[in-house]
There are 2 protein chains.
Amino acid sequence: MNSSNYYTEDIHGAYQIYDLGDFVLEKGGTIRSCKLAYTTMGKLNAAKDNVILVPTWYSGTHQILQQVYIGKGRALDPEKYFIIIINQIGNGLSSSPHEASFPQNKNNFPDIQISDDVRAQYTLLTEEFSIDQLALVVGGSMGAQQTYEWAIRYPDMVKRAAPIAGTAKVTPHNFLFTQAMMDSISSDSAWDNGWYSVSTDVHVGLSRLARLFALMGWSHAFFKQERWLALGFSSMDDFITGFMIGYFGLMDPNNLLSMARKWQQGDVSYGREGDLAEVLAQIKAKTCVIAIEGDLMFPPSDCEAESRCIPDSEYRMIETTDGHFALFGTDLNYLNQVDECLKELLAK
Amino acid sequence: MNSSNYYTEDIHGAYQIYDLGDFVLEKGGTIRSCKLAYTTMGKLNAAKDNVILVPTWYSGTHQILQQVYIGKGRALDPEKYFIIIINQIGNGLSSSPHEASFPQNKNNFPDIQISDDVRAQYTLLTEEFSIDQLALVVGGSMGAQQTYEWAIRYPDMVKRAAPIAGTAKVTPHNFLFTQAMMDSISSDSAWDNGWYSVSTDVHVGLSRLARLFALMGWSHAFFKQERWLALGFSSMDDFITGFMIGYFGLMDPNNLLSMARKWQQGDVSYGREGDLAEVLAQIKAKTCVIAIEGDLMFPPSDCEAESRCIPDSEYRMIETTDGHFALFGTDLNYLNQVDECLKELLAK
């Protein structure tokens, strides 16, 4: 694995491409020949009512969701459901700055909103598969942002929604965090306003980003209890290098910036009548808002506050030592609890 | 105020200097002509048993402690106590990288430990004032680190100890935070391994540090409740610039790095027999361990865990919206609760 083969099927597993053509964006601008990378598991039934949609989180692709959340006997069971995981725009597999054609490439890639992803995904589901209802939309972190947008934009289509460890509207603290993410890259002079020649030229910025995520992505308890030992690392330094820099170090800085900007602007009340509470009140889906204990990026209290605004919503906090990055599936106990929540929700 | 007059009495108020001569450091090295800047309030009584020592926190000086924590009718009442605030080495008023003579200046200033500060302060108190007992040592954050070291190094001298929002041993998460602090400066190429010509050349690094402290120094709730409004700022951006960059932006990067290194190595069990719990068990002082609600840098649970190891210790968590930086005195309700704790402790 190196930076030149990072965004490939070799690394992320097989996927399919849906071509949206020229895709006009919510806040203006057009992605020329916009493509969504997606994968499906299971079979679409005749009634087309067994569909589960899983959007991706920041920097993640369909692969980790496939590996960690989906399986026979799990809540997301491909023997029962037709599961479609769609990579978000900017993540390197769907249309992204690093592979866009001049002059939309690098830092000139247009600003994407969460709502753009959701509209693009809607087109894929309806045009390619003629799907008109979703048994469940479930996503973590930026996937939760997309889940909220889905439930609000297409209230009759989304029967159930499970946003995990994410918010419908970015909180001020989360805004500062995403700003620090972006600054960690853009303040590296090697970033050169997006015009580095090789992504690893921006290694200082990427390393700062990785360390920032170490600080905010895992919980205080994760480090205190030396949970990295159980993940196969021999010291905290070994973990920071092996896991955190290993994870972010080969990604494309402009892709990471594009997704971070999208994250930072996340707000389901944007362009809609009413404030956040009023917009959340429009959700018709049976909802389970799932928060993660010790999450420094999306504290449970922020998730709970949004849950209270949704008519048919239950709030659950998953107990774990790992904090936000329990999303990666580092804690089997976390996964079991999430599966329970989702099974209950799907049974409703 | 600008970077050239920042470390002066004009900005930080009057102080006195105690000259330690050549001061040999705990882990090796010598500060040539080491000086402590300090100030006193109140009168030393005949029995010399009314002394309160207040060490300083990261980047702070005697001034804010004087202004925020000391006053007639307060717990730290100069009408009853002889209060001495000693600036930590590296803070810009006591011996520091920015003013040291070649070749110990800039990044060649030797590594200081918390124990060096405490030994230097001990010399000042005993040699200059012939003080042999302290009614109370109280300090916040890095001041808490010094407070713990005082109580352990001089158990018969320290009658009472009140470490606020700090730990006797840096936790792994706190280690990562201090690493991020240091990286934010040292990864700025203008830092030039310490050899910038003017401190504000390192404005990118200083700004990153300020934003990192915004993220970790205040609580999630502080931003959600727009507490910056009450502090006189019109927007979050106005607050980040006006308060956070205003605070850190004129400080000397090498001074900030020196203190951060000291903080990161903070561990009262270093060089002593026994583990942290055994070393804390040696404290004879009546102790009140004070934590702050929503503190992301020193979570209450970390403070409470240390309190449980101290024989005569009470643990208190101060309720506030502001998190760690409540230390600045932004929340009167925080100050009232701290005063109560300290008054109770002093009455014991």
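Summary of the structure given here.

**Comments concerning the overall build of chain A**
1) Next: Summing up its helical and strand segments, chain A has twelve helices and eight strands in all.
2) Next: In terms of overall size, chain A behaves like a compact globule, its C-alpha atoms giving a radius of gyration of 19 Å where 348 residues would be expected to give roughly 20 Å.
3) Next: By the burial criterion, 54% of the 348 residues in chain A qualify as buried.
4) Next: Nonlocal contacts in chain A, meaning residues at least 24 apart in sequence, comprise 74% of its contacts between residues at least 6 apart.

**Re the interface of chain B and chain A**
1) Next: Facing 22 residues of chain B, the contacting portion of chain A comprises 22 residues.
2) Next: Breaking the side of chain B that touches chain A down by element, the ones donating at least two residues are helix H5 (172-186), helix H6 (203-217) and helix H7 (220-224) of chain B.
3) Next: For the side of chain B that touches chain A, the leading source of residues is H5(B), giving seven residues.
4) Next: Of the residues that constitute the side of chain B that touches chain A, the class distribution is twelve nonpolar, six polar and four charged.

**Remarks on the nonpolar core**
1) Next: Ala162(A), Ile290(A), Ala162(B) and Ile290(B) are the most contacted members of the largest nonpolar core, which has 213 residues in total.
2) Next: Setting aside its immediate chain neighbours within four residues, Ile290(B) contacts Ala162(B), Ile164(B), Ala165(B), Arg316(B), Ile318(B), Val338(B) and Cys341(B).

**Topic: the packing of helix H3 (residues 114-129) of chain A against helix H4 (residues 142-153) of chain A**
Residue and element names in this part refer to chain A.
1) Next: H4 packs onto H3 with a crossing angle of 65° between their chain directions and a minimal axis gap of 9 Å. The element H3 and its partner H4 pack so that their crossing is right-handed. Between H3 and H4, the contacting residues are Ile114, Ser115, Asp117 and Val118 on the first element and Gln145, Gln146, Glu149, Trp150 and Arg153 on the second.
2) Next: A per-class count over the contact of H3 with H4 returns three nonpolar, three polar and three charged.

**Quick notes on the pairing of strand E8 (residues 313-318) of chain B**
1) Next: Note that strand E7 (residues 286-292) of chain B and E8(B) share six bridges and pair parallel. Following the sheet pairing, Ala291(B) is matched in E8(B) by Met317(B).

**Quick notes on the environment of Gly139(B)**
1) Next: On the secondary structure map, Gly139(B) appears in strand E5 (residues 136-140).
2) Next: On a C-alpha basis, the gap between Gly139(B) and Tyr6(B) in space is 23 Å, while along the polypeptide they are 133 residues apart.

**Some remarks on the relation of the copies chain B and chain A**
1) Next: If you rotate chain B by 180° and push it 0.0 Å along the axis, it lands on chain A with an RMSD of 0.0 Å. Seen this way, the second copy is the image of the first under a two-fold rotation axis.
2) Next: Both copies present the same face, since 100% of the interface residues in chain B are matched by interface residues at the equivalent positions in chain A.

**Details of the packing of H5(B) against helix H9 (residues 253-264) of chain B**
All names here are of chain B.
1) Next: Between H5 and H9, the shortest axis-to-axis distance is 9 Å and the interhelical angle comes to 160°. Comparing the axis directions of H5 and H9 gives the class roughly antiparallel. In this structure, H5 meets H9 at a crossing whose hand is left-handed. Contact residues: H5 offers Phe175, Thr178, Gln179, Met181, Met182, Ile185 and Ser186, while H9 offers Pro253, Leu256, Leu257, Ala260, Trp263 and Gln264.
2) Next: Partitioned by chemical class, the residues of the contact of H5 with H9 number nine nonpolar, four polar and no charged.

What counts, and at which threshold
Residues numbered from 1 in each chain as written. Chains lettered and ligands numbered in written order. Predicted model: local features only at pLDDT ≥ 70, side-chain atom pairs only at ≥ 80, totals over all residues. Helix = DSSP H or I, 4+ residues; strand = E, 2+ residues; numbered from the N terminus. Rg over C-alpha atoms; globule rule 2.2 N^0.38 Å. Buried ≥ 20, exposed ≤ 12 C-beta atoms within 10 Å, placed from the backbone. Contact = placed C-beta atoms within 7 Å. Nonpolar A, V, L, I, M, F, W, Y, C, P; charged D, E, K, R; others polar. Core = buried A, V, L, I, M, F, W, Y, C linked by C-beta atoms within 7 Å. Axes fitted to C-alpha atoms, helices over the stretch in contact; angles between N-to-C directions. Left-handed = near helix turned anticlockwise from the far one by under 90°. Pairing = 2+ DSSP bridges. Least-squares fit on C-alpha atoms with pLDDT ≥ 70 in both. Parallel < 35°, antiparallel > 145°, perpendicular 65-115°, else oblique.

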